[in-house]
Amino acid sequence: MAKKVVATLKQKGGVKYAKVVKTVKSEKTGAYTFREEIVTEDLVKERLK
């Protein structure tokens, strides 16, 4: 389970960025943790797989 969060990391004339938050389940404890990444918009779907 993951979601895309709109980030205000836009620069004039630059590349658009997005913040990706992904939930990851720990194999040891079964608890969920969150991993955050800031990626370009064209890589969002790839990071969510």
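In short, a report on the structure. Bear in mind the structure is a predicted one, so any value in this text is a computation, not a measurement.

Examining the pattern of salt bridges
Part 1: According to the stated counting rule, one finds 2 salt bridges in the structure shown.
Part 2: One salt bridge connects E36 with K19, and the closest N-O pair in it is separated by 3.1 Å. One end of the pair, E36, is in strand β3 (residues 32–40); the other, K19, is in strand β2 (residues 17–25), with 17 residues separating them in the sequence.
Part 3: Taking the relative accessible area as the measure of exposure, K19 reaches 28% and is therefore partly exposed.
Part 4: For E37, the salt bridge is made with R47, and the minimal N-O distance between the two is 3.7 Å. Here E37 is found in strand β3, whereas its partner R47 is found in helix α1 (residues 44–47), with 10 residues between them in sequence.
Part 5: Accessibility expressed as a relative area gives 34% for E37, which makes it partly exposed.
Part 6: A relative accessible area of 37% means that R47 is categorised as partly exposed.

Notes on the pairing of β2
Part 1: Summarising the sheet, β2 and β3 pair through 9 bridges and their orientation is antiparallel. The residue of β3 that forms the bridge with A18 is V39.
Part 2: In this antiparallel pair of consecutive strands, β2 and β3, the connection spans 6 residues, and G30 shows a positive phi of 80 degrees.

Conventions we followed
- Residues numbered from 1 in each chain as written.
- Predicted model: local features only at pLDDT ≥ 70, side-chain atom pairs only at ≥ 80, totals over all residues.
- Heavy atoms only, no water.
- Salt bridge = Lys/Arg side-chain N within 4 Å of Asp/Glu carboxyl O.
- Helix = DSSP H or I, 4+ residues; strand = E, 2+ residues; numbered from the N terminus.
- Buried < 20%, exposed > 50% of the residue type's maximum accessible area, 1.4 Å probe, protein only.
- Pairing = 2+ DSSP bridges.

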